[in-house]
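Report on the structure
Residue strings, one per chain:
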Amino acid sequence: MSLSPTASQANRRFWDADAQRYHADHTEYLSSFYWCPEMLHEADARLLGDVTGTSILEVGCGSAACTEWLASQGARLVTGFDISAGMLARAADGLALTQADVLAIPYRDDTFDIAFSAFGALPFVAELDVALTEIRRVLRPGGRFVFSVTHPMRWVFPDDPDIFTAAISYFDRAYEERDSAGALTYAEYHRTFGDWVRALRTAGFSLLDVTEPTWPTDLTTTWGQWSPARGALFPGTAIFSTLAP
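Each residue is numbered by its place in its chain's sequence as written, counting from 1. Local features in this predicted model are restricted to residues of pLDDT 70 or higher, and side-chain atom pairs are both shown and tallied only at a pLDDT of 80 or more, whereas totals for entire chains, interfaces and linings draw on every residue. For the side-chain quantities, the full set of heavy atoms in the structure was used; hydrogens and water were omitted.

1. Observations concerning the overall build of the protein chain
Our working definition: Put simply, DSSP marks the helices as runs of H or I at least four residues long and the strands as runs of E at least two long, and each gets a number from the N terminus on. Radius of gyration here uses only the C-alpha atoms, and the compact-globule reference equals 2.2 Å multiplied by the residue count raised to the power 0.38. Accessible area is worked out with a 1.4 Å probe on protein chains only. A residue is then buried under 20% of its type maximum, exposed over 50%, and partly exposed in between. Residues are treated as being in contact if the distance between any of their heavy atoms lies within 4.5 Å. We get accessible surface area from the Shrake-Rupley algorithm with a probe of 1.4 Å; when it comes to residues, only the shown protein chains can shield them. His is not counted, nor are the chain ends, whereas Lys and Arg count as positive and Asp and Glu as negative. Working definition for charges: the position is that of NZ of Lys, CZ of Arg, CG of Asp or CD of Glu.
Secondary structure summary: the protein chain contains seven helices and nine strands in total. For the protein chain, the C-alpha radius of gyration of 17 Å lies close to 18 Å, the compact-globule estimate for 245 residues. Over its C-alpha atoms, taken along the principal directions, the protein chain stretches across nearly 45 × 45 × 35 Å. The 245 residues of the protein chain split such that 52% are buried. Long-range pairs, those at least 24 residues apart, make up 67% of the contacts in the protein chain with a sequence separation of at least 6. Of the roughly 11000 Å² of accessible surface on the protein chain, a fraction of 52% belongs to carbon and sulfur atoms. Averaging the coordinates of the 18 positive side-chain charges in the protein chain and doing the same for the 31 negative ones gives two points 6 Å apart.

Put into structure tokens, the structure is as follows:
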């Protein structure tokens, strides 16, 4: 989400306007700490490890369901930020949340033991290297950063769960919507697997693992491009687990 009057402003306005619909459509997903539409819960995955006594930052927290869940798990400090005031307004009372851009995180260096993002800011950021460098900056040495994004291979399929034919170039790295005057109204950015690996390395992270959740046999929900039919054939989510050496 750029600081220029392009992606940052467009996505902030989009999510402010869309917050009510988004919450109405995804009530279960937003009820707790789920990493992805495959409904992988952190209580089962434990991708953040033992959070007891740690300080944790949620990047692109939205209405902060993940932050709220973590606050009951023994962490010393849990906070989050999001660019959208409309999303933050739907968070539970009493959480320590801030409206901010991932390109200029308003925390001091070496503040947090853990940072994470569950389909948060990163897919909407044009300047990924800047965002990752900011996240690395606020992590203590040895800190963990875990984030989930749409699986890179999903980009080649249209945003329709009934289409199984690749139609979009894997090497096309941006999707943007504009109004009749040409102003940007929505922006989303694709990274290949190689792009993610190189960006993480450039920002100083060590890649520990990539989790590709399978579709649960009892999950019948269709959400945009995520569906049981597609989930049975190829992954919809990639979760990167990294370490700040």
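2. Some details on the UniProt feature "domain: Methyltransferase type" (unreviewed entry) in the protein chain
What counts here: UniProt positions are given in the numbering used here, feature names are shortened, and annotations may be inferred rather than shown by experiment.
This chain's UniProt record puts "domain: Methyltransferase type" (unreviewed entry) on residues 57-147. Counted over residues 57-147, helix gives 23% and strand 32%. Its end C-alpha atoms are 12 Å apart.

3. Quick look at the pairing of strand β1 (residues 55-59)
Selection rule: What makes two strands pair is DSSP finding at least two bridges between them. Orienting the strands away from the viewer, one traces the path from the first strand over the helix to the second; a clockwise path indicates a right-handed crossover.
Extensive coverage of β1 is indicated by the burial of five of its five residues. Of the two faces of β1, the one carrying Ser55, Leu57 and Val59 and the one carrying Ile56 and Glu58 are both buried. Direction of pairing for β1 relative to strand β2 (residues 77-82): parallel, over a ladder of five bridges. Of the residues in β2, the one forming a bridge with Leu57 is Thr79. The parallel pair β1 and β2, bridged by helix α3 (residues 65-70), forms a crossover whose chirality is right-handed. The sheet contact formed by β1 and strand β4 (residues 112-118) spans three bridges and is parallel. Paired with Glu58 across the bridge in β4 is Phe116.

4. Brief notes about the environment of Thr222
Within the secondary structure, Thr222 is located in the loop between β8 (206-211) and α7 (228-231). For the pair formed by Thr222 and Pro37, sequence separation is 185 residues and the distance between their alpha carbons is 8.8 Å. Beyond its immediate sequence surroundings of up to four residues, Thr222 is in contact with Pro161, Ser227 and Pro228.

5. As for the sheet that holds β4
Applied cut-off: An axis is simply a line fitted to the C-alpha atoms; with a helix, the fit covers only the stretch in contact. Between two such axes, the angle follows the N-to-C directions and lies from 0 to 180 degrees.
Across the sheet, which stays open at both edges, the seven strands sit in the order β3-β2-β1-β4-β5-β9-β8 with mixed pairing between neighbours. In the strand order of this sheet, the two ends are held by β3 (96-99) and β8, each with one partner. When strand polarity is set aside, the average angle formed by the axes of neighbouring strands in this sheet is 15°. When β4 meets strand β5 (residues 139-150), the two strands line up parallel, connected through six bridges. Bridging across to β5, Phe112 finds its partner in Leu139. The sheet strands contacting helix α5 (residues 128-138) are β1, β4 and β5, and the helix crosses β5 at an angle near 140°.

6. Re the environment of Thr221
Its place among the elements puts Thr221 in the loop between β8 and α7. For Thr221, a relative accessible area of 41% corresponds to the partly exposed category. Between the alpha carbons of Thr221 and Arg178 there is a distance of 30 Å; along the sequence they are 43 residues apart. Excluding residues that lie within four positions of it along the chain, Thr221 makes contacts with Trp215, Trp226, Ser227 and Pro228.

7. Quick notes on the nonpolar core
Formally: Residues belong to a common nonpolar core when they are buried Ala, Val, Leu, Ile, Met, Phe, Trp, Tyr or Cys residues joined through side-chain atoms within 4.5 Å.
Ranked by internal contacts, the top residues of the largest apolar core, which has 31 residues, are Tyr29, Phe33, Trp35, Leu48, Ile56, Leu70 and Phe116. For this core, the secondary structure elements donating two or more residues are α1 (7-25), α3 and β4. With residues near it in sequence (within four places) discarded, Leu70 still touches Phe33, Leu48, Val51, Ile56, Ala75, Val78 and Phe116. Membership of the second largest hydrophobic core comes to 30 residues, among which are Leu57, Phe81, Leu103 and Ala199.

8. A short note on the packing of α5 against helix α6 (residues 193-203)
The line we're drawing: The labels follow the angle: roughly parallel below 35 degrees, roughly antiparallel above 145, roughly perpendicular from 65 to 115, and oblique for the rest. Rotating anticlockwise by less than a right angle from the far helix to the near helix defines a left-handed crossing, while the corresponding clockwise rotation defines a right-handed one.
Two numbers describe how α5 lies on α6: the axes approach to 9 Å, and their chain directions differ by 45°. With respect to α6, the element α5 is oriented oblique. Both α5 and α6 take part in a crossing whose hand is right-handed. Across the interface between the two elements, Leu128, Asp129, Leu132, Thr133 and Arg136 of α5 pack against Trp196, Ala199, Leu200 and Ala203 of α6.

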